[in-house]
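As a plain string of letters, each chain reads:
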Amino acid sequence: MSWVTAVWSMNAAACLTLAGFYFAVWCKQRQRPMYLLFSCSAIAAAAISAFELWMLNSRTVDEYESLIRWIHVPTWVLTLSFVAFVRLYLHAGRVWLAWSIYGLRTLVLILNFIFPVSINFTAITDIRQFSWGGQMVSVPVGASNPWGLLSTISLFLLLIFSVDAAIAVWRRGDRRRAVLVGGSMIFGAILAWHVPLVIWGVIDVPFFLGFTYTAIVAAMGYELSNDLARAAVLVRELEISEKRLNLAANSANVGMWEWDIARDEIWITDKGRAMFGFNSSEKLDFDRFRSRVHPEDRALVLQAVENSLQTGAEYRSEYRVLLPDGQVRWIDGRGHVEFDGAGQPARMRGASLDITRRKQAELEAARQRNEMAHLSRVTTVGELSGSLAHELNRPLGAILSNAQAAQRMLANGGVDVAEFREILSDIISENKHAAEVIRRLRLWLQKGEVQQQPLPINKVVRDVLKLIRTDLISQNVSVDTELARNLPTVTGDPVQLQQVLVNLVVNACDAMTDCGARERRLRIRTGLANGSDAVIVSVTDRGGGIQENEMEQIFEPFFTTKAKGMGLGLSVCRSIITAHHGKLWATNNADRGATFHFTLPIAVSDKGAVPDQKLLSGIR
Amino acid sequence: MTNPLDPMVFVVDDYAPGRKSISRLLHAAGFVVAAFASAQEFLAQYDPAACGCLVLDLAMPDVSGLELQSILADKGSFLPIVFLTAHGDVSTSVQAMKHGAVDFLTKPVNDEDLLSAVRVAIEKDRVLRREQTELFEIRARLATLTPREREVLEYVVAGRLNKQIASDLGTVEQTVKVHRAHVMQKMKVQSVAELVRLTQRCGIGESVQ
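Predicted, not measured: the structure shown is a model, and the values here were computed from it.

## Looking at the interface of chain B and chain A
Next, step 1: Listed per partner, the contact involves 24 residues of chain B and 26 residues of chain A.
Next, step 2: Across the interface of chain B and chain A, roughly 2,200 Å² is buried in total on both sides, 53% from carbon and sulfur atoms.
Next, step 3: The tally of links between chain B and chain A comes to 7 salt bridges.
Next, step 4: Its salt-bridge partner being B:Lys20, residue A:Glu422 comes within 3.4 Å of it at the nearest N-O pair.

## Some points on the packing of aromatic side chains
Next, step 1: Summed over all chains, the structure comprises 22 aromatic pairs over all chains.
Next, step 2: Ring centres 5.8 Å apart and planes at 40° place the aromatic pair A:Phe23 and A:Trp26 in the tilted group. Here A:Phe23 pairs with A:Trp26, and both are found in helix α1 (residues 3-28), just 3 residues apart, close to one helical turn.
Next, step 3: Owing to a relative accessible area of 38%, A:Phe23 belongs among the partly exposed residues under this scheme.
Next, step 4: Judged by centre distance (6.1 Å) and plane angle (45°), the ring pair of B:Phe83 and B:Phe104 falls under tilted. One end of the pair, B:Phe83, is in strand β4 (residues 81-85); the other, B:Phe104, is in strand β5 (residues 103-106), with 21 residues separating them in the sequence. Assigned by exposure class, B:Phe83 and B:Phe104 land together as buried.
Next, step 5: The rings of A:Trp259, A:Phe276, A:Phe278, A:Phe286, A:Phe289 and A:Tyr319 are connected pair by pair, giving a single aromatic cluster.
Next, step 6: We note A:Lys359 situated over the ring of A:Trp330; from NZ or CZ to the ring centre the distance is 4.8 Å.
Next, step 7: Over the aromatic face of A:Phe555 sits the side chain of A:Arg574, whose NZ or CZ is 3.9 Å from the ring centroid.

## Digging into the packing of helix α14 (residues 385-412) of chain A against helix α15 (residues 417-445) of chain A
Residues and elements named next belong to chain A.
Next, step 1: Relative orientation of the contacting elements α14 and α15 amounts to 160°, with a least axis distance of 9 Å. Judged on the interaxial angle alone, α15 and α14 are roughly antiparallel. As for how α14 packs across α15, the hand of that crossing is left-handed.
Next, step 2: By residue class, the composition of the contact of α14 with α15 is 16 nonpolar, 3 polar and 5 charged.

## Notes on a nonpolar patch on the surface
Next, step 1: A cluster of nonpolar residues, A:Val163, A:Ile167, A:Ile186 and A:Ile190, forms a patch on the protein surface that exposes about 300 Å² of accessible area.
Next, step 2: Relative to the elements of secondary structure, A:Ile190 occurs in helix α7 (residues 175-191).

## What to know about unusual backbone geometry
Next, step 1: A cis geometry characterises the amide bond from B:Lys107 onward to B:Pro108, with omega recorded as -5°.
Next, step 2: Within the element layout of this structure, B:Pro108 appears in the loop between β5 and α5 (111-143).
Next, step 3: Unusually for a residue other than glycine, A:Asp264 sits at a positive phi of about 50°.
Next, step 4: Mapping A:Asp264 onto the fold places it in the loop between β3 (254-260) and β4 (265-268).

## A closer look at the packing of helix α6 (residues 147-157) of chain B against helix α8 (residues 173-186) of chain B
Residue and element names in this part refer to chain B.
Next, step 1: Running from amino to carboxyl end, α6 crosses α8 at an angle of 90°, the nearest separation of the two axes being 9 Å. Here α6 lies roughly perpendicular to α8, going by the angle between them. Here Arg148, Glu149, Val152, Leu153 and Val156 of α6 come into contact with α8, specifically with Val176, His179, Arg180, His182, Val183 and Lys186.
Next, step 2: Of the residues that constitute the contact of α6 with α8, the class distribution is 5 nonpolar, 2 polar and 4 charged.

## A closer look at the sheet that holds strand β13 (residues 583-588) of chain A
Residue and element names in this part refer to chain A.
Next, step 1: Spatial strand order, β9-β11-β12-β14-β13: 5 strands in an open sheet with mixed pairing. Each edge of the open sheet carries a strand with a single partner, namely β9 (478-483) and β13. Neighbour-to-neighbour, the strand axes of the sheet open up by a mean angle of 15°, direction not taken into account.
Next, step 2: Here β13 pairs with strand β14 (residues 594-601) via 6 bridges, running antiparallel. Across the sheet, the residue bridging to Trp585 is His597, located in β14.
Next, step 3: Contacting β13 and β14, helix α19 (residues 569-579) crosses the sheet at an angle of about 130° to β13.

## Describing the side chain of A:Ser538
Residues and elements named next belong to chain A.
Next, step 1: With respect to the helices, strands and loops of the structure, Ser538 is situated in strand β12 (residues 534-540).
Next, step 2: Under the relative-accessibility criterion, Ser538 is labelled buried at 12%.
Next, step 3: Contacts of Ser538, omitting those with residues within four sequence positions, involve Arg523, Ile524, Arg525, Thr595, Phe596 and His597.

## So, the pairing of β3(A)
Residues and elements named next belong to chain A.
Next, step 1: Among the 7 residues of β3, 5 are classified as buried, and the element is accordingly described as predominantly covered.
Next, step 2: The pairing of β3 with strand β7 (residues 345-354) spans 7 bridges and is antiparallel. Bridge assignment links Trp259 to a residue of β7, and that residue is Met348.
Next, step 3: In textbook terms, the turn of a hairpin is the stretch between consecutive antiparallel strands, and for β3 and β4 this stretch comprises 4 residues, one of which, Asp264, has a positive phi near 50°.

## Thoughts on α15(A)
Next, step 1: Taking 1.5 Å of rise per residue, 29 residues should cover 42 Å, and α15(A) covers 42 Å from first to last C-alpha, within 8% of that figure.
Next, step 2: Of the residues making up α15(A), those classed as buried are A:Phe420, A:Ile423, A:Asp426, A:Ile427, A:Glu430, A:Ala434, A:Val437, A:Arg440 and A:Trp444.

## Examining the side chain of A:Asp332
All names here are of chain A.
Next, step 1: One can find Asp332 in strand β6 (residues 328-339).
Next, step 2: You can call Asp332 buried: its relative accessible area is 2%.
Next, step 3: There is a polar contact of 3.0 Å between the side chain of Asp332 and the side chain of Arg316.
Next, step 4: A distance of 3.1 Å separates the side chain of Asp332 from the side chain of Arg334, its partner in a polar contact.
Next, step 5: With sequence-adjacent residues up to four places away left out, Asp332 is seen in contact with Arg316, Ser317, Glu318, Ala351, Ser352, Leu353 and Ile355.

Cut-offs and rules
Residues numbered from 1 in each chain as written. Chains lettered and ligands numbered in written order. Predicted model: local features only at pLDDT ≥ 70, side-chain atom pairs only at ≥ 80, totals over all residues. Heavy atoms only, no water. Contact = heavy atoms within 4.5 Å. Buried area = accessible area lost by both parts, 1.4 Å probe. Salt bridge = Lys/Arg side-chain N within 4 Å of Asp/Glu carboxyl O. Phe/Tyr/Trp six-rings, centres within 6.5 Å; stacked < 30°, edge-to-face > 60°. Helix = DSSP H or I, 4+ residues; strand = E, 2+ residues; numbered from the N terminus. Buried < 20%, exposed > 50% of the residue type's maximum accessible area, 1.4 Å probe, protein only. Lys NZ or Arg CZ within 6 Å of the ring centre and 35° of its normal. Axes fitted to C-alpha atoms, helices over the stretch in contact; angles between N-to-C directions. Parallel < 35°, antiparallel > 145°, perpendicular 65-115°, else oblique. Left-handed = near helix turned anticlockwise from the far one by under 90°. Nonpolar A, V, L, I, M, F, W, Y, C, P; charged D, E, K, R; others polar. Patch = residues over 30% accessible without salt bridge, like charges linked within 9 Å, V, L, I, M, F, W, Y side chains within 5 Å. Areas by Shrake-Rupley, 256 points an atom, 1.4 Å probe, with all protein chains shown as cover. Pairing = 2+ DSSP bridges. Expected span 1.5 Å × (residues − 1). Polar contact = N/O pair within 3.5 Å; in protein donor to acceptor, adjacent residues only side chain to side chain.

The analysis is restricted to geometry; functional conclusions fall outside its scope.
Pasting the structure below:
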C-alpha cells in the first residue's frame, strides 16, 4: 500500500474516531447539541476523505462521475453542521448569512443531482493519470459546468460568515477561539481553491479537500476538548470545594442532607447522622427522620415541611430531636425544595444546625429572667399587702355580716323568705368575689409556665387598677385613664404584663408622695404606636421627674432613688417588655413629672404573620 | 324616719355589698339605719340635730373616712364615729382615735363587736347631748345674774367667807348675804357644793385663785 492511500485512510480514520468519541459524549449530554454537530462534521470529513481516496484510485469515467456527484452529500452535511456549530457554540455569525449558505448549498446539492454529470462537470471525457509521490493518481478531464460557480459562491459566503463570526468573537474578547475557528476556516477556504485549479488542469495534484475539512474539524474538536478538560478540572475543584464545605460544615456543627421525595430516600452527611443519632450504614427515609423529632415538635416540623412542599417556600424550623439515649438536642433546620418538570416536588436539600448550646443559654436566660420577675412580684405583694388584705377582707366582711344578720333575723322569729333569699345570693356572690381575689393572688405568685396568649391591653390596665385600687386610695392618688377603643390585641403573659404596669403605677405614686393632695393625679393611656405595628401604653405622673443623666440608669439593676427600694422593679420591667419584643423607656413631661412608655407588637393573629412560638418558652 | 329623738345609725361605705350587709345586721339588731355610698351623699342629707352614731368606712375614693371625720368636727358636730376598715394600719387608727372615734374595727367584723361599738357610740351621743343640754341650762341661769351677783358667785365658789367677800368688795356683810341668797336662788341650788359643781362645768372658778 502506497503512502497516499495510507495518509488518506488515516485522515478518515482519525475523523471517524473523533466523531465516535463526541457522539458518545453527546449521548450522555443530550442537552448539548454541539457535540452531535461536531460528530456529524467529523463523519462528513471522514466520508470526504474516503471519497477522495476512491477517486484517486478510480480508473473509469463512469466511476469517477458517480463519485464526484456523491461527494457533494458529505460536503453539504459538513457545511450545514459547521454553520450550526458556529451559531450554537460560539454564539456568533450573522443569521441571514447562515440561511443564505444553507439555501445556496442545498440548491447546489439539488442541481448536482439534476445535471447529467454533476455541478462541477457537464461531461467527464477522460481520466488523467499521473505519478504523484511515487503513486499513480487519477484526476478527471472534461468540460466544467458554469453552474459550478454557485458552489464557489457558497464557499465564499462561508468564508465571509467565518471571518465575520471570528471578528465578533474577537471583539467579545475571546481571542483564542477567534483565531482558532476563524483561522482554520480561512485556511480551509484558501486550500479549497485547489479544486477548481485541478479541474481546470492548472495544477497536477490529487484532490485533498478532505484534509482542509479535517483542519476545520480539528479546530472544532480542539475547542470542545477544552470544554471537556475544563469539566474535568471542575470535577476536581468540585471535589475540593466539597471537602472544604464538609470541613466547614463539620466544624460548624452543620449536617447536610438531601431527601429524594419520589423514592423517599434521605442522604445525610456523617455529621448529620451523628446529630440525629443514626449509625453510618442505616438506610434513612422521612419516617426514620420523623421518629427522631421530639414528639412535641413533630407537628411543627411536619407543618414546615408541608408548607415548603406546597408553596416552594424556604423550609425553616427549630425543633428538638430525642436521641435513643434520651438526650435532647436543638436543631435549626433549613432547606429548599426542587421541583421536577411537572411542577411536583422532586427533592429537598438543606442543612441542619446543632443549636443546643445557644438554645440552652437562651432557656437559661429566660429562666433567670422569669425567676427575677417572680422575685419582683413577691416583693410587690409585700408592698401591696394593704390592697390585698383590703380586697379579701371586704367580701369576707360582707359574708360574715350577712350571715350574722340572718342568724339574728331567725332569732327574732320573723323570717322573711325574700330577704333570706337575697342574703344568700349576696353571700354567694361575695364568696365568689373573694375566691377570685385569691385566684388572682395565686396567679400573681405562681411560678408556672409563662403563657403566650392574645391579650387586649386595656383589660390588663383595668385588672391592674382593680389590683391596686386601695393603694391608690390610701395614697390619695386619683387615676385618669384614656384607653383607646378597638385596639388590636397583643401577645404575652398576662401576669408579667400586669407586673410591669403595677410597677410603673406604684413608682408613679411614690413619685407623687410630696405633692399636694389635689396634684396627685396619675394618667394611664393606651393607643396605637407610630407606624401602627405596635400598641403603646404610657403612665404619666406629676412628681419630680427624672434627672436627665439618670434617664437610662433607672433601668439598671440595683439603681434606686427610693429609701426602701431594691432597684429591681424597672430592670425587671424592661427585661419582661424586651422578651415580649417591645420597648420600655422614660421621658420627662413638659410641665412636671415623668412618663413611662412601653410598646408591644400587635398579636400575629391580628396581623397575619408567623408566630415566634419559642419565645419565652422558659419557666416562669 | 328622721325623728331627731330616735337614735339613728348612719352607715357610710362606698362598697355596696359591705354597706348592705352592715345595714342588714344593724337593722336585724333593732337599729334604725340610714346608708350612704359616699361622704358627700351623707353630708348632703345630714341633720346635726339627729341623734345616733356614724359607722364609717375608712378607705373611700374622693373623700376618705378620716376627711369626713375632720369635716364633721369643723362643723361642730360631735356625732360619735365607729370606723370600719378592711385594712387599717396603726398610724391611721391612732389618728382616728385621737380625733374622737369611738372604735376602730377591722373587716370582717363580728356582729357583737360592731353592735357593742354602736351601742357605746349611741350612749356616748346620748350622754353628750344630755351634757350639752345641761350646759345650756346652766349658762342660761348664769345669764340671769347681775354683775354684782356674778362677782359674789365667783368669790363664793372660790371658798371665801361672807366677811372676807364684804371686805374685798368694800361693802358690808349683810349686803353680801343678800346677793348670795339671790345667786343660790337664781342658780337653783341648795348648797355651795352644788354651786361649785355647776360653775365648774362652765369653766368658772379657776380664774379666781
